[in-house]
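# Analysis of the macromolecular model
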Amino acid sequence: MSSMFGASVQRVEDDRLLRGHGAYLDDLGGDALAVAFARSPHAHARITDIDVSAALDVPGLVAIYTYEDLPPKLAEPLPLLIPHPSLTHGRTPYPLARTEVNHVGEPVAMVVATDRYLAEDAADLIDISYEPLPPVVGLGNARQADHLVHEDVPGNVAANAVQKHGDTAAEIAAAPHVLEIDLEIERSASTPLEGRGVLASWDPHAKRLRLWTSTQTSTGVRAAVAAKLGLDLADVDVITPDVGGGFGVKIVHPWPEEVLVPWAARLLGQPVKFTEDRREHFIASAHERAQQHHVTVGFDDEGRILGLDVRFWHDNGAYVPYGLIVPIVTSTQLLGPYKARAYRVEFDSLYTNTVLVTPYRGAGRPHGCFVMERTIDAIAAALHLDRTVVRERNFIQPDEMPYDQGLIFQDGRPLIYDSGDYPALLAKLKELVGWDEFAAAKDAAAAQGRRLGIGLACYVEGTGVGPYEGGHVVVETSGKVKVATGLTSQGQGHQTVLAQLVADELGVRLEDVEVVTGDTRRFGYAVGTFASRTAVMSGSAVTLAARKAKEKAIRVAADALEVSPADLVIADGIVQVKGDPDSGIALGTVAVLSNPLRYAFDEAAKAATQFAGGDISRPPVAPDDEPGIEGRAYFSPVRSTFAAGMHAAIVETDPDTAEVKILRYCVVHDCGRLINPQIVEGQIHGGVAQGVGGALYERMAYDESGQLQNASFMDFLMPYVSEVPQRIEIDHLETPSPLNPLGIKGAGEAGVIPGAAVLAAAIEDAEQILIRSMPISPSDLFELRRAHGQEEALS
Amino acid sequence: MTKPEELHEVAMTVNGATRTARVPARRLLSDCLRHDLGLTGTHVGCEHGVCGACTILLDGAPVRSCLLLAVSADGAKITTVEGLAEPDGSLSAVQQAFTECHGLQCGFCTPGFLTTITAGLRAVPEPTDDQIREMVGGNLCRCTGYQNIVASVRRAAQIQRDRAGRP
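Residues numbered from 1 in each chain as written. Chains lettered and ligands numbered in written order. Predicted model: local features only at pLDDT ≥ 70, side-chain atom pairs only at ≥ 80, totals over all residues.

Let us now look at the overall build of chain B. Within chain B, the secondary structure is distributed over five helices and five strands. In sequence order, the secondary structure elements of chain B are arranged as β-β-α-β-β-β-α-α-α-α. In terms of overall size, chain B behaves like a compact globule, its C-alpha atoms giving a radius of gyration of 17 Å where 167 residues would be expected to give roughly 15 Å. Within chain B, buried positions represent 57% of all 167 residues. Considering only contacts in chain B between residues 6 or more positions apart, those separated by 24 or more positions represent 59%. (Helix = DSSP H or I, 4+ residues; strand = E, 2+ residues; numbered from the N terminus. Rg over C-alpha atoms; globule rule 2.2 N^0.38 Å. Buried ≥ 20, exposed ≤ 12 C-beta atoms within 10 Å, placed from the backbone. Contact = placed C-beta atoms within 7 Å.)

Counting its regular elements, chain A contains 18 helices and 29 strands. Taken over C-alpha atoms, the radius of gyration comes to 28 Å for chain A, in line with the 28 Å a tight globule of 795 residues would show. Dimensions of chain A, computed from the C-alpha atoms along their principal axes, are close to 95 × 70 × 50 Å. Across the 795 residues of chain A, 59% fall into the buried class. Restricting the contact set of chain A to residue pairs at least 6 apart, pairs at least 24 apart contribute 81%.

Residue and element names in this part refer to chain A. Strand order in the open sheet formed by four strands is β21-β20-β19-β25, and the pairing between neighbours is mixed. Each edge of the open sheet carries a strand with a single partner, namely β21 (513-517) and β25 (630-635). Between one strand axis and the next, the sheet turns through 15° on average, direction left out of account. Where strand β19 (residues 469-475) lies against strand β20 (residues 481-485), five bridges are found, and the strand directions are antiparallel. By the bridge assignment for β20, H472 is matched with A484. (Pairing = 2+ DSSP bridges. Axes fitted to C-alpha atoms, helices over the stretch in contact; angles between N-to-C directions.)

Residues and elements named next belong to chain A. Taken domain by domain, chain A holds domain 1 (14-133 + 190-284), domain 2 (291-465 + 638-788) and domain 3 (469-635). If you average the C-alpha positions of domain 1 and of domain 3, the two centres end up 39 Å apart. Opposite the 17 residues of domain 1 that make contact, domain 3 presents 16 residues. Those elements that provide at least two residues to the side of domain 1 that touches domain 3 are α5 (218-229) and β11 (236-239). (Domains from an automatic or database assignment.)

Now for helix α17 (residues 755-767) of chain A. Along its 13 residues, α17(A) runs 18 Å from first to last C-alpha, staying within 8% of the 18 Å computed at 1.5 Å per residue. Looking one or two residues beyond α17(A), the residue adopting positive phi is Q768(A), at roughly 60°. (Expected span 1.5 Å × (residues − 1).)

Residue and element names in this part refer to chain A. Ordered in space as β22-β23-β24, the three strands form an open sheet in which the pairing is antiparallel. The sheet is open, and its two borders are formed by β22 (568-571) and β24 (580-586), each paired with just one other strand. Averaged over all adjacent pairs, the angle separating strand axes in this sheet is 40°, with direction ignored. Here β22 runs beside strand β23 (residues 574-577); their pairing, made up of four bridges, is antiparallel. For V569, the partnering residue across the bridge sits in β23 and is Q576. Docked against the sheet, helix α14 (residues 534-561) engages β22, β23 and β24, running at close to 120° with respect to β22.

So, about the nonpolar core. Grouped together as the largest cluster of nonpolar side chains are 300 residues, with contacts concentrated most on V111(A), V502(A) and A553(A). For this core, the element with the highest residue contribution is α14(A), accounting for 13 residues. (Core = buried A, V, L, I, M, F, W, Y, C linked by C-beta atoms within 7 Å.)

Moving on to the environment of V668(A). As for its position among the elements, V668(A) is in strand β27 (residues 660-670). Setting aside residues no more than four positions away along its own chain, V668(A) makes contact with L425(A), K428(A), L429(A), L432(A), G645(A), M646(A), D731(A) and L733(A).

Turning to the interface of chain A and chain B, a few remarks are in order. Contacts between chain A and chain B engage 46 residues on the former and 48 residues on the latter. Going through the elements one at a time, α1 (14-18), α2 (116-125) and α16 (677-696) of chain A are the ones with two or more residues in the side of chain A that touches chain B. Among the elements that make up the side of chain A that touches chain B, the one with the highest residue count is α16(A) (seven residues). Here the residues of the side of chain A that touches chain B sort into 19 nonpolar, 17 polar and 10 charged. (Nonpolar A, V, L, I, M, F, W, Y, C, P; charged D, E, K, R; others polar.)

Residue and element names in this part refer to chain B. For chain B, the assigned domains are domain 1 (7-83) and domain 2 (93-163). Each of domain 1 and domain 2 was reduced to a C-alpha centroid, and the two centroids are 22 Å apart. Listed per partner, the contact involves 16 residues of domain 1 and 12 residues of domain 2. Sorting the residues of the side of domain 1 that touches domain 2 by element identifies β3 (55-58) and β4 (61-64) as the ones contributing at least two each. For the side of domain 1 that touches domain 2, the leading source of residues is β3, giving three residues. Split by residue class, the side of domain 1 that touches domain 2 holds eight nonpolar, eight polar and no charged.

Residue and element names in this part refer to chain B. At a closest axis distance of 11 Å, the pairing of helix α3 (residues 110-123) and helix α5 (residues 147-163) adopts a crossing angle of 45°. Considering their axes alone, α3 and α5 lie oblique with respect to each other. The crossing of α3 and α5 is right-handed. Residues F113, I117 and L121 of α3 form the contact with α5, whose participating residues are I149, V153, A156, A157 and Q160. Taken together, the residues of the contact of α3 with α5 sort by class into seven nonpolar, one polar and no charged. (Parallel < 35°, antiparallel > 145°, perpendicular 65-115°, else oblique. Left-handed = near helix turned anticlockwise from the far one by under 90°.)

Turning to helix α2 (residues 93-100) of chain B, a few remarks are in order. The buried fraction of α2(B) amounts to seven of the eight residues, a majority that puts the element mostly inside the structure. By the burial criterion, the buried members of α2(B) are A93(B), V94(B), Q95(B), Q96(B), A97(B), F98(B) and T99(B). Among the structural elements, α1 of chain A together with α3 and α5 of chain B are those in contact with the buried residues of α2(B). H102(B) occupies a position one or two residues after α2(B) and carries a positive phi of about 55°.

Residue and element names in this part refer to chain A. For the bond running from H253 to P254, omega is -15°, close enough to zero to count as cis. Position of P254 relative to the elements: it lies in the loop between β11 and α6 (256-268). Cis rather than trans, the peptide bond between M774 and P775 has omega equal to 5°. By secondary structure assignment, the location of P775 is in the loop between β29 (773-774) and α18 (778-788). The backbone of A145 shows a phi angle near 55°, a positive value even though the residue is not glycine. Within the fold, A145 resides in the loop between α3 (138-144) and β7 (157-165). By the C-beta count within 10 Å, which is 16 here, A145 ends up partly exposed.

Next comes the structure, spelled out in structure tokens:
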């Protein structure tokens, strides 16, 4: 049987999704009551009165809840999920606003009705009186702190954190060259096509809660909801249905809606459902990316970085339920494939009266990559060196692996790169894009009045973050293999990829393997899907679980066949003597034999019943054994594994309209061994499109009063097919990770990370104008041309 | 508003079968298909006609079901994603191409692409790459970066040729 590992097999998910038979959150619970929220229209205000009387006459109204109605545990602020010693002023929202609202869209009252239209009618009729407070919008105002978001948080500073290795100040002071650079990235957001949603059903007889939610962590939601509702974990099932994209935003939990909906379902004794609409997703979920950075870098005549000091300011929005993950990732992943002799990074995480900020695909890495790569390009320009040469001179070399960057990563563990070959990646990229030949092409285009530019950007991505994932594999008596892992799927093809791994390990056909993710009824211990971790974590776990099931199957079959286990193999679902394919017994039959029976349920089961024979001197199930062919295993790596990649782009800028057109987009990528190359390339394609969106189109346009001016797909410019490169050219390098049994590294976020950096570099090369802030629209570029003229142009 | 809403009877031919529903005048066709008729394959991504996930075929033409009122579709012939497969239950050329080319990831936008492309290939059975980008240019996908969707349309045209026995 050919190996499934490395094969671009078609996805097992596709058939149901293509027929319209997927089951997304709003496709469930047709009989459920519907929820709508009255949300704050103000960015910052005190609530002075809530009058629901006008809403009470709406037909179909079932209930209206405000903060006053919440029981004690629900009346507390929602949890701060990832505490950190530097997060000295962590603030999280109440499920329903208590006395103050801190961003437009914050939920104030919840309406339950027989139908969503009626629930919205009633929500509109709730009369909420506000006393507006001065809003803090944008990093400039947050830093200036003339006004405070939370009156007990001085300077709007949620956290200040420093990391360093070496004596950066001394290195910079002694360096022959020093540059100072200010760099800025604006807000964008995950923006999955399906928003958030939650459906809850309470069984009053069993006193159990069943919850379906469009989440990236079913076990996280279960723990949070159980705590808020005073239930034990065993009394709560959380099931993640098909999820219409996540990209980070759905890792946040519990959302206010995720605790309020099950609470109402229990109170009302009826299923209750909330389905987020598009405007709500813009103003009431989460954004990412806004940061300002000030870089001071000292380097030698060769362009080697001696001291790198980065001070940055992170806009965390109104609350910090997800802690400091994004700025910590920026702080640490900023270094990319490079070694600085000394590095110091300090950030402030600042409150603003805007939607909260939590990881969006890349999670701090795109900003870090932008800062580092812009810095390297500035060094190259200052020394009149080729940009690839400066990179080569600063690369960590393959023989230096594992390489300790001397910092603490987002998982609380040392930032030690496990593997990688950055010079080889750069060589591949230069070849793929034709780096050395570009100058001639650029000159030829210039002779025709066309402006072409080339840029490149490199990144290293910590993936497969712990603490652990688990897997369970059971062989049915039909011979089918059921696999479960606790983390969730949002379109990555986990059912396919995990089935490929189990089919290989167990020796069964791919079509006989069925994988379930994100269902606490099937697997109760899990962390979630984020940080490009599923293949590494759950892939390793289900492989180890399948290995255990295989060992058991071979042991049981060896008994039945009266041969040595060492002589048996499993192929195509048959346990057979090596070299004798006719000798075997089917895996399903082995499953029957493994479970000593009193009752025969079919013909095959008779073989396992009590009068069918066997050694009557031994107990039917040995003291150290269990019935069934099953394996359960956990994978918990000592630390993250580090993928890497490099992108290059060739752009053309229009001399008149300042429109930026991407002519070529090239990706070289190293995520270790590829399980399913077609799926990996699909992940890269999607990431690149989001990178292009973040570089050229997407921004959250808040006005000074904290109103999001573009909270719709009409105004928030997410790329259509017309905005993405017509072709994304991809080459792979495979340096296996030593940290997991499969030698793999994560791939999910890779495509997005260098987007802003590579396109800024290419535009700068075309325009000869410094690009320091992204995204950049044609009008931004036009203004840059006009404002900066040639005085800031590159020499 | 204190009175229950007035309901209107609508009758449509959906995927070849006559379906009726009693709906308020303001009910969107997308909600009617999904919640009154139980055809949840049609997805709602924005409710303002921009994303295209809710695209259905109305009398053969691709339209945004979130921009139509159900009452206005009375008497119409509608095809949703559930009605795209071949009569024998096998995947249509467009559906088959999407799985071969990995043209979908989360699958949420996919029904709108499938209906749009089904109509597009009827109008232009042998599209150029520019025509393909024009064909799918009004639908949003956040997962695939469109590369494999464009490839899927190319492949679907080929499958249609093969199934029709054309060279």
